[in-house]
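What the coordinates show
One-letter residues, chain by chain:
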Amino acid sequence: ILSILLSHFNLVYSKVTTIYKTSNQDYISYAQFLNELPRHGHTIMGEYHNDPAIQNAQAQIIEDKVLLEQAQDDFSLMWEFLNYTDQPKIDSVYSDLKNNIIDTKSFLEQTVGKSNNSYSSIIDITAHLNGKILGINLPRSLKQIVVKDGITALDSKYIPKAHFSGNEDYLERFKLAMGGHV
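Residues numbered from 1 in each chain as written. Predicted model: local features only at pLDDT ≥ 70, side-chain atom pairs only at ≥ 80, totals over all residues. Heavy atoms only, no water.

A few words now on the confidence of the model for the protein chain. Across the protein chain, the average pLDDT comes to 86, with 88% of residues at or above 70. Taken together, the stretch residues 1-13 has pLDDT below 50 and engages in 36 contacts with residues farther than four places along the chain or on a different chain. (pLDDT = per-residue confidence, 0-100. Contact = heavy atoms within 4.5 Å.)

As structure tokens, this is what we get:
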């Protein structure tokens, strides 16, 4: 797990400069951090929700890693706030954003609601670098089925093509992590 340290207290213009690497309990440079992220595969970033400084830091990491790997046009932002089942709508609204028909605020309002405007920097950089935006969550009604009966209880149309299931231990950790939120 890595903790991001911000160079200023300024919530809007903070830049990631130093990373605390918990595995060796020491600081590393931001450049080293970017180089240690995988070139391919997935990078998962957790955060405090709706915190502009955190979302701006995430946008900076996305931008710098994509540029470092020359992956413009070849990366995806997979976002837990978006439902996989809403992907056609997400694609349509994202197309409107990329074609300057709507702005980022409108994209967010139409896909995740008005209370999530702090994520605009992440959406902006993803669109600027021509990445894809993918919903990876399920609506609450379908999550309830998964928690109660497992993912195999869902109609296959609700399961992404590249999905893989964890074992029973994973399901128990999922239930614990959700803490009754489904």
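Having put the structure on the table, let's press on.
Another point: the packing of helix α4 (residues 104-111) against helix α5 (residues 120-128). Packing of α4 against α5 leaves a shortest axis separation of 10 Å and a crossing angle of 110 degrees. As the angle between them shows, α4 and α5 are arranged roughly perpendicular. Two packed elements cross with a definite hand, and for α4 against α5 that hand is right-handed. Residue-level inspection shows Thr104, Phe107 and Leu108 of α4 in contact with α5, the latter providing Ser120, Ile123 and Asp124. Among the residues forming the contact of α4 with α5, the class breakdown is three nonpolar, two polar and one charged. (Axes fitted to C-alpha atoms, helices over the stretch in contact; angles between N-to-C directions. Helix = DSSP H or I, 4+ residues; strand = E, 2+ residues; numbered from the N terminus. Parallel < 35°, antiparallel > 145°, perpendicular 65-115°, else oblique. Left-handed = near helix turned anticlockwise from the far one by under 90°. Nonpolar A, V, L, I, M, F, W, Y, C, P; charged D, E, K, R; others polar.)

Turning to helix α2 (residues 52-68), a few remarks are in order. Over its 17 residues, α2 runs 24 Å from end to end, which matches the ideal 24 Å to within 8%, given 1.5 Å per residue. Looking at α2, one finds that the buried residues are Ala53, Gln55, Asn56, Ala57, Gln58, Ala59, Gln60, Ile61, Ile62, Lys65 and Val66. (Expected span 1.5 Å × (residues − 1). Buried < 20%, exposed > 50% of the residue type's maximum accessible area, 1.4 Å probe, protein only.)

So, on to helix α3 (residues 87-98). A rise of 1.5 Å per residue sets the reference length of α3, with its 12 residues, at 16 Å; its end C-alpha atoms lie 16 Å apart and thus fit the reference within 8%. Among all positions in α3, only Gln87, Ile90, Val93, Tyr94 and Leu97 are buried. Along α3, the residues classed as buried sweep out an arc of 130 degrees about the axis, all on the same side. If you follow the buried residues of α3, they end up packed against β4 (76-83), α4, α5 and β5 (132-137). Once α3 ends, the next one or two residues include asparagine 100, with phi positive near 60 degrees. (Arc of directions from axis to C-beta.)

Further remarks concern the pattern of salt bridges. All chains considered together, the criterion is met by three salt bridges. The closest approach of N and O atoms between arginine 39 and glutamate 69, which form a salt bridge, is 2.6 Å. Of this pair, arginine 39 sits in the loop between α1 (30-36) and α2 while glutamate 69 sits in the loop between α2 and β4, and the two are 30 residues apart along the sequence. The residue lysine 65 makes a salt bridge to glutamate 69 at a minimum N-O spacing of 2.8 Å. (Salt bridge = Lys/Arg side-chain N within 4 Å of Asp/Glu carboxyl O.)

Moving on, we come to the nonpolar core. In this structure, Ile62, Trp79, Phe107, Leu108, Ile123 and Ile133 are the most contacted members of the largest nonpolar core, which totals 22 residues. Looking at this core, the elements that each hand over two or more residues are α2, β4, α3, α4 and α5. No other element matches α3, which puts four residues into this core. Not counting chain neighbours up to four residues away, the residues in contact with isoleucine 133 comprise Leu77, Leu82, Gln87, Ile90, Asp91, Tyr94, Phe107, Ile123 and Thr126. Listed in part, the nine residues of the second largest apolar core include Ile28, Leu37, Ala57 and Ile61. (Core = buried A, V, L, I, M, F, W, Y, C linked by side-chain atoms within 4.5 Å.)

Attention shifts here to the packing of α3 against α4. Remark: α3 packs on α4, axes separated minimally by 9 Å, with the N-to-C direction vectors making an angle of 170 degrees. Classified by the interaxial angle, the pair formed by α3 and α4 is roughly antiparallel. The residues of α4 that touch α3, namely those facing Lys89, Ile90, Val93, Tyr94 and Leu97, are Thr104, Phe107, Gln110 and Thr111. Counted by class, the contact of α3 with α4 contains five nonpolar, three polar and one charged residues.

Another aspect to go through is the packing of aromatic side chains. Scanning the entire structure with this criterion turns up six aromatic pairs. In textbook terms, an aromatic cluster arises when at least three aromatic residues are bridged by ring pairs, as seen for Trp79, Phe81 and Tyr119. (Phe/Tyr/Trp six-rings, centres within 6.5 Å; stacked < 30°, edge-to-face > 60°.)

Inspection of the secondary structure puts isoleucine 54 in helix α2. Separated by 39 residues in sequence, isoleucine 54 and lysine 15 have C-alpha atoms that sit 9.7 Å apart. Non-local contacts of isoleucine 54, meaning those with residues more than four positions away in its chain, are made with Glu47 and Tyr48.

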